[in-house]
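Below, each chain spelled out in residue letters.
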Amino acid sequence: MMQAWRARLDCRFAEVEAVFEDCMQEARQVLSDSGMLAYLDSAATLGKLGRGAEPVLTFLQTWPQTAATVGEDALAAVMDGVRTINKSPNGRAIAPLLQTLPAVSRRLVTPNLLQQYLDLGLHILAQTSGSIHGIHKTYASPCLIAFFESAPQVLQVLSMDGMRTWADYGIRHYRSHPDQQHQYFTLQSADSRAVLQRQRHGTLLVDHLRKLDLYLQALWQDPLALVPYAITPDPDKPMLSGQAPYYDDEGMRLPDVYDTRQGVSGLDRYRIAMAHMAAHRRWSRAIYADNFSPAQRLAIECFEDARVDALTLRTYPGLRHAMVALHPAPQPDACNPQTHSCLRHRLAVLSRALLVGAGVPSDAPVTSDTNATLLSFCERFQESMAQGESSTEAMANLAIAYLARTRCQSDQFADTWFADTVVDYRDDNRSLWKFHELSDDEESFATHRTSADTEQLHHLPPRHYPEWDYSSQSYRPDWVSVFESLHPSGNAGKIDQLLAKHSGLVKRLKRMLDLLKPHARVRLRHQEDGNELDLDLAVRALIDLKANRQPESRINESHRTDGRSIAVTLLLDLSESLNDKAAGSQQSILELSQEAVSLLAWTVDQLGDPLAIAGFHSNTRHDVRYLHLKGFGEHWDNEVKARLAAMQAGYSTRMGAAMRHAAHTLSAQKADTRLLLVLTDGRPSDVDVHDELLLTHDARQAVKELSAQGITPYCVSLDAQADGYVREIFGNNYVVVDRVATLPEKLPKLFMRLTH
Amino acid sequence: MTHPRTEPYYQPQANEVALYEAAYAARLPVMLKGPTGCGKSRFVEYMAWKLNRPLITVACNEDMTASDLLGRYLLEDHGTRWLDGPLTTAARTGAICYLDEVVEARQDTTVVIHALTDHRRQLPLDKRGELVNAHPDFQLVISYNPGYQSVMKDLKQSTKQRFVAFDFDYPEAAMEAAIVARETGLDEATAARLVQVATTARRLKGHGLDEGISTRLMVYAATLMHKGVSAHDACRMALVRPITDDADIRATLDHAITAVFP
């Protein structure tokens, strides 16, 4: 039989020869007779591709496992894929494809899904292989091998659809950057991880921050910042110390995502983890660690965790179900003390007994000494708890006694039994310990490294905003960094001169303002005492009187002035093009804007509406600057004028990010109407964006977001040719000022018209 | 006008009963402040019973005018007839007049009580041209809730400074549980759990909740539970749904209910 197989394989690589018989025996277990023949034929084909022994060797080793999960019929599809790859310049990707097949097939259990996976691989191949004349693929894809290698890891967290989106994103954005493409598909770049994160299944912490904040506040009265950290999704490495939640001075650190487990939803898992940490903060006291051995510390942590959980359940007994479900249930005899160090396992069994037994008698039958010890310590634990809250010290004593009783030789083994011993809702207990002396191996977390240059340049940390990518109809997460700072100051007298220059206009505006004021009156009807008779009601009352019915006595009306409730942010485009001379004028657009903004600010100040003024310009997506000229709380005084006087133009116009940032402060204003006036002189653009539609679409998306937040964006464009794109961005909320020279006059009037 | 025959149940939290009696002895007008549903009205009823005075309660609203308090002319076949309003009736007969949620009334309305609440103890009825001298037993009590009032709805200083004031708050947990148990017949252990749920909600005040769960709502929930409704349903229906429309807060409180009632 073996001879016949060998003949059918027809392959003389020594490496293959060495493993051939083992592979055949393994394959025999899972493959049918016909499957066996197809297996050998495919291996023979791979051996004759002329790509060395690696493909055939990999295939012989991996196919049986793959076939066991997806079925042997999928072989044809795989071989088709291999043939296509072989015809392209990407032959070296065959081995990685075959190598990761078993891991991939564990996630994609149907032949259909596997087919989709192969199609995706070929799609990437077609899209990223380079060609010279556009006909023949000449250069190998820089990312195909990386894609096959990352596939198992990506599929751990994404569905097939999610993976396709993730890959599409990489192809679309890095098609012309081979190095970045490689980084993306090896999951090294930040974008790659961010997109992966967004496509994940499970409950994301960021989506539920408010709920969880409220939870801490309401049930624990322990308001603490919640900080997500990324977890590497790898089933082979269970959550060990580096991955467990923890808390420190800066807040509770929780994994960024939790899947539903054992019927406990991700949200509830967050709550349980937070409950455990909050319980530690409430009931645990840090004790000195120096005098305990590592094993003793482990045991103390186990008892202390059980204690705070028991106290939690005393207050919130409804959490028991979820807590028990999330606690691993190690089989008492799973770990063999002859071969492994069983300490962790023993403590996990104990921990479960303490948790389950905290109120209910333990259901574990007393069959051996170990169980008797277990039960006796459970009892001692309950006794200690029965007297009140007990204490960390009491638990330490109990733990040391327990360890002394159960210690065995094999605890020293290096081979530690880890299965079912990690209680992942519990934190790593770093706050339980304090040290007399800080040893060398003490890890120091969160040391701040600051570079002096960036500190100087930007006083506040950047805020990140997404950007809309119209071609994929999706957001690029955290794409733009906006730096916020105070605009430098100049000479305030300059603005006063400008206002004096326009004194005629100021007078006319003042007259308009006076005319506006009386209109803001509201009639109050049904008044018993008022300024005038409300005729309708008076007549009705008279009729009632004549008809011998009880007349309404509230027949007067009066007026009251309506309180305007408008908050305005004026957002100025300070891009380079503002330095141009305005058509038909000796002044630059910047100077005219300065005059217009001064007049507007004066007008709004007269009306008494809250107004903020800010300018923006951008130098690539990494540096969008948002400069404060006037805040809502500031008055129209010399400080503001000084900043306005120093206005300068430069760089480009990344409008969407600036609008999102302006909305951030504007939405905090309490007003019935919130208006965002954008004064710009051209279409959105930036030096790192080649597709001129992209930022236009992004700005339009920003407008939509703002409208959803109850903010009305309105654009004043100084570009006479703006109609096309401004309408696209702002809908009907825009006005084009053709003669820029008239801007100082138009802007305040426009504002008054808009707000009345 | 009510004249309680049976003793209303009121659990004193401190020495407020004695202080009120002292205030009544001096006929000082009294102001009761505190969150909604913490027992202000019950306290007045109890004191009226204890002092054996009739009690006239007026629930104030923003459409209320001075004549709703003072009285108005009614038309009859042969002309008009004056009908005393609740405040006038109380002043004439020597009852305790209780203006509930007085800030809800318009500010010009509240001014009519000024002459009644200082040394004059008089009520001018300008429509009738009469000056009513208050009965020696007459006392004015107002209540308001400083918690949810906006800046627009606050009492004038000139009104505030005519009263002695009691600050009410929800009773402490054990006492509140006892009150809920006494009011509804629910056992105290379950009542204590109800209080626990309410306490979690009260901690969210200012985080999206205008007002915490009141003792009154807890009594509703306890009543439902006593009638056989499950704890989860009763709490959701009586404690959570009435106080918030915010999905996040609702989810948090729902979780608190499951955490507290296993």
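From a predicted model like this one, the values you see are computed outputs, not experimental measurements.

## What about the overall build of chain B?
Part 1 of the reasoning: When its secondary structure is counted, chain B shows 11 helices and nine strands.
Part 2 of the reasoning: Residue pairs in contact within chain B that sit at least 24 positions apart in sequence constitute 69% of those at least 6 positions apart.

## Here's the deal with the overall build of chain A
Part 1 of the reasoning: Counting secondary structure elements, chain A contains 28 helices and 20 strands.
Part 2 of the reasoning: Taken across its 756 residues, chain A has 37% of its residues classed as buried.
Part 3 of the reasoning: In chain A, the share of contacts with a sequence separation of at least 24, taken over all contacts with a separation of at least 6, comes to 74%.

## Focus on the sheet that holds strand 9 (residues 164-167) of chain B
Residue and element names in this part refer to chain B.
Part 1 of the reasoning: Spatially, five strands are ordered 2-5-8-1-9 in an open sheet, and the strand pairing comes out parallel. Of all the strands in the sheet, just strand 2 (55-59) and strand 9 have a single pairing partner and so form its edges. Neighbour-to-neighbour, the strand axes of this sheet turn through a mean angle of 20 degrees, independent of strand direction.

## A look at the interface of chain B and chain A
Part 1 of the reasoning: The interface is formed by 21 residues belonging to chain B together with 19 residues belonging to chain A.
Part 2 of the reasoning: Elements with a minimum of two residues in the side of chain B that touches chain A: strand 3 (71-76), helix 8 (188-202) and helix 11 (247-260) of chain B.
Part 3 of the reasoning: For the side of chain B that touches chain A, the leading source of residues is helix 11 of chain B, giving nine residues.
Part 4 of the reasoning: Taken together, the residues of the side of chain B that touches chain A break down into 11 nonpolar, seven polar and three charged.

## Observations concerning the pairing of strand 6 (residues 122-125) of chain B
All names here are of chain B.
Part 1 of the reasoning: Relative to strand 7 (residues 130-133), strand 6 runs antiparallel, the two being bridged by four bridges. Residue pairing in the sheet places Leu-125 in a bridge with Glu-130 of strand 7.
Part 2 of the reasoning: Connecting strand 6 to the antiparallel partner strand 7 that follows it, the hairpin turn spans four residues, and Gly-129 within it adopts a positive phi of roughly 65 degrees.

## Considering the packing of helix 9 (residues 215-226) of chain B against helix 10 (residues 231-240) of chain B
Residue and element names in this part refer to chain B.
Part 1 of the reasoning: Following both chains from N to C, one finds helix 9 and helix 10 inclined at 150 degrees, their axes separated by 9 Å at the closest point. The orientation of helix 9 relative to helix 10 falls into the category roughly antiparallel. In this structure, the crossing between helix 9 and helix 10 has a hand that is right-handed. Side by side, helix 9 and helix 10 meet where Leu-217, Met-218, Tyr-220, Ala-221, Leu-224 and Met-225 of the first sit next to Ala-231, Ala-234, Cys-235, Met-237, Ala-238 and Leu-239 of the second.
Part 2 of the reasoning: Its residues assigned to classes, the contact of helix 9 with helix 10 shows 12 nonpolar, no polar and no charged.

## Some details on the sheet that holds strand 4 (residues 226-229) of chain A
All names here are of chain A.
Part 1 of the reasoning: In space, the three strands of this open sheet follow the order 4-6-5, with mixed pairing throughout. Of all the strands in the sheet, just strand 4 and strand 5 (246-248) have a single pairing partner and so form its edges. In this sheet, neighbouring strand axes are inclined to one another by 30 degrees on average, regardless of whether the strands run parallel or antiparallel.
Part 2 of the reasoning: By the bridge criterion, three bridges tie strand 5 to strand 6 (residues 251-255) in an arrangement that is antiparallel. Residue pairing for strand 6: Tyr-247 is matched across the bridge by Met-252.

## A few points about the packing of helix 2 (residues 14-30) of chain A against helix 4 (residues 54-70) of chain A
Residues and elements named next belong to chain A.
Part 1 of the reasoning: One way to put it is that helix 2 packs onto helix 4 with a least axis distance of 9 Å and a crossing angle of 10 degrees. The orientation of helix 2 with respect to helix 4, classified from their angle, is roughly parallel. On helix 4, the residues touching Glu-15, Val-16, Val-19, Cys-23, Glu-26, Ala-27 and Val-30 of helix 2 are Val-56, Leu-57, Leu-60, Gln-61, Pro-64, Ala-67 and Ala-68.
Part 2 of the reasoning: Counted by class, the contact of helix 2 with helix 4 contains 11 nonpolar, one polar and two charged residues.

## Some thoughts on unusual backbone geometry
Peptide bonds are mostly trans, and most non-glycine residues show a negative phi.
All names here are of chain A.
Part 1 of the reasoning: The backbone of Asp-10 shows a phi angle near 50 degrees, a positive value even though the residue is not glycine.
Part 2 of the reasoning: For Asp-10, the location among the structural elements is in the loop between helix 1 (2-9) and helix 2.
Part 3 of the reasoning: Judged by the 12 C-beta atoms lying within 10 Å of it, Asp-10 falls in the exposed class.
Part 4 of the reasoning: A positive phi is found at Thr-620, a non-glycine position, where the angle reads about 70 degrees.
Part 5 of the reasoning: Within the secondary structure, Thr-620 is located in the loop between strand 16 (611-618) and strand 17 (624-630).
Part 6 of the reasoning: Note on Thr-620: 15 C-beta atoms within 10 Å, which makes it partly exposed.

Rules used in this analysis
Residues numbered from 1 in each chain as written. Chains lettered and ligands numbered in written order. Predicted model: local features only at pLDDT ≥ 70, side-chain atom pairs only at ≥ 80, totals over all residues. Helix = DSSP H or I, 4+ residues; strand = E, 2+ residues; numbered from the N terminus. Contact = placed C-beta atoms within 7 Å. Buried ≥ 20, exposed ≤ 12 C-beta atoms within 10 Å, placed from the backbone. Pairing = 2+ DSSP bridges. Axes fitted to C-alpha atoms, helices over the stretch in contact; angles between N-to-C directions. Nonpolar A, V, L, I, M, F, W, Y, C, P; charged D, E, K, R; others polar. Parallel < 35°, antiparallel > 145°, perpendicular 65-115°, else oblique. Left-handed = near helix turned anticlockwise from the far one by under 90°.

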